[in-house]
Amino acid sequence: MGSGMQVMVGISNDMLATLSSSAMASDLWVRQNVSRYIVKGGVDIRYVAVGNEPFLSSYAGQYESYVMPALLNLQQSLAKANLAGYVKLVVPCNADAYESALPSQGAFRPELTQIITQIVSFLNSNGSPFVVNIYPFLSLYANADFPQEYAFFEGTTHAVTDGPNVYYNAFDGNFDTLIAALSKLGYGQMPIVIGEVGWPTDGAIGANLTAARVFNQGLINHVLSNKGTPLRPGVPPVDIYLFSLLDEGAKSVLPGNFERHWGIFSFDGQAKYALKLGSGNKLLKNARNVQYLPSRWCVANPSTDLSEVTNHIKLACSVADCTTLNYGGSCNAIGAKGNISYAFNSYYQLQMQNSQSCDFDGLGMVTFLDPSVGDCRFVVGLTDVSSSSFRPNLHHGISTDSDVSLCIRHPLKAKAYC
């Protein structure tokens, strides 16, 4: 509140059924989550995201019938609150909503054509952009044959030629596939917002600090250059949300262990790497006056028999985040005792360094020597648990409270970066 930062508020997919069937529920949601905050000195809410990737192919159509009725109800609720001209409804889509071998041949999945046409018509009539989430990292992660350099913006020997157009990076190719798909529906000039784009720093091969910095910096430079794409030269996206502000230590790892490591900042508000956000010296700034717990760690006791440690590790890692220990993670190569110590310490810090939480039936011990090894960091928790994102947060997805993204607004469109 009072920051001037423009905000997109999200509605989770599991709320769509209720909002689609009840105008009263829609009115209540708008009152509780939008209009009560739009006051003098309040929150500058610009968008409401209706669902999060509701047409994802893995959902098998589970939310499709709810999206359009929910949009209509929410639009009426915003109108009743005199906010319909200011707060815009959007439906963030995953890039799997459209497909093609070449960008110019882009088309929405056949089973989505009707519903997407209705939604795009609604968005267009209400002055809303089309919001899409694009992840070149996921293309690289899912396909061993995907050329790695094509995922970045540094140039490639695997450029894609599409008639007169040549694509040197996956982002532009994906973006123009969407343009072509929208054009087939008669909306080729629709403004586009990138709702999520980023690169994880851990949890998989190719997910590391260097790659994340190179990708995000390359993306920012590319967008701010005003080059646009072959199908939209000189017209970059209206807004881009870098995913994400912070790591999420309790997020589902069903897609992969990297899901907990998208943050540009670590849990303690410290930038993981340098990132220049625009012209001048707009660099990331670390959180100040962070209050850490004492500098002590819980590790495996070297004088004990660790053969019975398995259940203790399972307990620790069921509560704390141990994904960096897995293949491709930054702590994957620290050895068996290192793995045990990492699991013990992650649990210990999460329990606010409670002495009993380092017991593990005598297998753990407290040390005052930092056991971090190379890129594998053994953390120290924060004192203020109420504000610590290191505590498990069981909300997942862009449409819940736990996810926060950095927004890069094009300099020709607004005065500030957020």
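Treat the numbers as computed from the prediction; the structure is a model and nothing was measured.

Reading the values: the criteria
- Residue indices follow the written sequence of each chain, beginning from 1 at its first position.
- The predicted nature of this model means local features are confined to residues of pLDDT at least 70 and side-chain atom pairs, given and counted, to a pLDDT of 80 or more, with totals for whole chains, interfaces and linings taken over all residues.
- Only hydrogens and water are set aside; all other atoms, that is, all heavy atoms of the structure, feed into the side-chain values.
- Only strands that DSSP links by at least two bridges are regarded as paired with each other.
- Counting from the N terminus, the helices are DSSP H or I runs at least four residues long and the strands are E runs at least two residues long.
- To define axes, lines are fitted to C-alpha atoms, for helices over the stretch in contact only, and angles between the resulting N-to-C directions are given on a 0 to 180 degree scale.
- In what follows, roughly perpendicular refers to angles from 65 to 115 degrees, roughly parallel to angles under 35, roughly antiparallel to angles over 145, and oblique to any angle outside these ranges.
- For any helix crossing, the convention is left-handed if the near helix is rotated counterclockwise from the far helix by under a right angle, and right-handed if that rotation is clockwise.
- Throughout, a contact is declared for two residues whenever any of their heavy atoms are within 4.5 Å.
- Any residue that is not Ala, Val, Leu, Ile, Met, Phe, Trp, Tyr, Cys, Pro, Asp, Glu, Lys or Arg is counted as polar, Gly included; the first ten are nonpolar and the last four charged.
- A 1.4 Å probe rolled over the protein chains alone gives each residue an accessible area, and that area as a share of the maximum for its type sets the label: buried under 20%, exposed over 50%, partly exposed in between.
- Look down the strands so they point away from you; if the path from the first strand over the helix to the second goes clockwise, the crossover is right-handed.
- Take the number of residues in a helix, subtract one, and multiply by 1.5 Å to get its expected span.
- What qualifies as a polar contact is a pair of N or O atoms within 3.5 Å, subject to a donor-acceptor requirement within protein and to the restriction that residues adjacent in sequence count only when both atoms come from side chains.
- The pLDDT score gives, residue by residue, the confidence of the prediction method on a 0 to 100 scale.

Participant: Could you clarify how one ought to interpret the sheet that holds strand S3 (residues 88-90) in this entry?
Facilitator: Backbone-to-backbone hydrogen bonds pair the strands of a sheet. The strands run either parallel or antiparallel. One open sheet accounts for three strands, arranged S1-S2-S3; its pairing is parallel. Both outer strands of the open sheet, strand S1 (6-11) and S3, are each paired with one neighbouring strand and no more. Sheet twist, expressed as the mean angle between neighbouring strand axes with direction ignored, is 30°. In this sheet, S3 lies alongside strand S2 (residues 44-50) in parallel orientation, the contact comprising three bridges. When the sheet's bridge partners are listed, Val48 is paired in S3 with Leu89.

Participant: Please explain the packing of helix H3 (residues 64-80) against helix H4 (residues 113-125) as it appears in this structure.
Facilitator: Each pair of packed helices gets described by two things: the angle between the helix axes and the distance between those axes. Relative orientation of the contacting elements H3 and H4 amounts to 15°, with a least axis distance of 10 Å. Looking at the two axes, H3 sits roughly parallel to H4. Here H3 runs over H4; the crossing is left-handed. For the pair H3 and H4, contact is made by Glu64, Val67, Met68, Leu71, Leu72 and Gln75 and by Ile115, Gln118, Ile119 and Phe122, respectively. Here the residues of the contact of H3 with H4 are counted per class, giving seven nonpolar, two polar and one charged.

Participant: Which parts of the structure should I look at to understand the pairing of S2?
Facilitator: In regular strands, side chains alternate between the two faces of the sheet. When you tally the buried positions in S2, you get six out of seven residues, the bulk of the element. By the bridge criterion, six bridges tie S1 to S2 in an arrangement that is parallel. Among the inter-strand pairings, Val9 is bridged to a residue of S2, identified as Val48. Of the crossover connections in this fold, the one passing from S2 over H3 to the parallel S3 is right-handed.

Participant: Please explain the packing of helix H8 (residues 310-319) against helix H9 (residues 335-350) as it appears in this structure.
Facilitator: Where H8 contacts H9, the axes come no closer than 9 Å and their chain directions differ by 45°. The angle between H8 and H9 places the two elements in the oblique class. The two elements H8 and H9 meet at a crossing, and its hand is left-handed. Note on element contacts: H9 touches H8 through Ile340, Ala343, Phe344, Tyr347 and Leu350, opposite His312, Ile313, Ala316, Cys317 and Val319. Grouping the amino acids of the contact of H8 with H9 by side-chain chemistry returns nine nonpolar, one polar and no charged.

Participant: Teacher, can you tell me more about helix H6 (residues 170-184) here?
Facilitator: Counted at 1.5 Å a residue, the expected span for H6 with its 15 residues is 21 Å, and the 21 Å between its end C-alpha atoms agrees. Most of H6 sits out of view: 13 of its 15 residues are buried. For H6, the N-terminal cap is Asn169; the gap from its side-chain oxygen to the backbone nitrogen of Phe171 is 3.2 Å. With its phi angle positive at about 90°, Gly186 sits one or two positions after the end of H6.

Participant: Just checking my understanding: could you explain unusual backbone geometry for this structure?
Facilitator: The phi angle of most residues is negative, glycine excepted, and most peptide bonds adopt the trans form. Omega for the bond connecting Phe243 with Ser244 falls within 30 degrees of zero, at 0°, which places this linkage in the cis form. Phi at Asn226 takes a positive value of approximately 65°, unusual for a residue other than glycine. Along the chain, the position of Asn226 falls in the loop between helix H7 (209-224) and strand S11 (228-229). The backbone of Asp361 sits at a positive phi, close to 55°, despite the residue not being glycine. With respect to the helices, strands and loops of the structure, Asp361 is situated in the loop between H9 and strand S15 (364-367). Taking relative accessible area as the criterion, Asp361 reaches 63% and is therefore assigned exposed.

Participant: Just to check I follow, could you spell out the confidence of the model for the protein chain for this structure?
Facilitator: Fine structural detail should not be taken from predicted coordinates in areas where pLDDT scores are low. Summary statistics for the protein chain give a mean pLDDT of 92 and a share of 92% for residues scoring 70 or more. Predicted confidence for residues 386-402 stays below pLDDT 50, and this span has 37 contacts to residues more than four positions away or in other chains. Ignoring residues within four places in sequence, the model shows residues 409-418, a span with pLDDT below 50, making 28 contacts including any to other chains.

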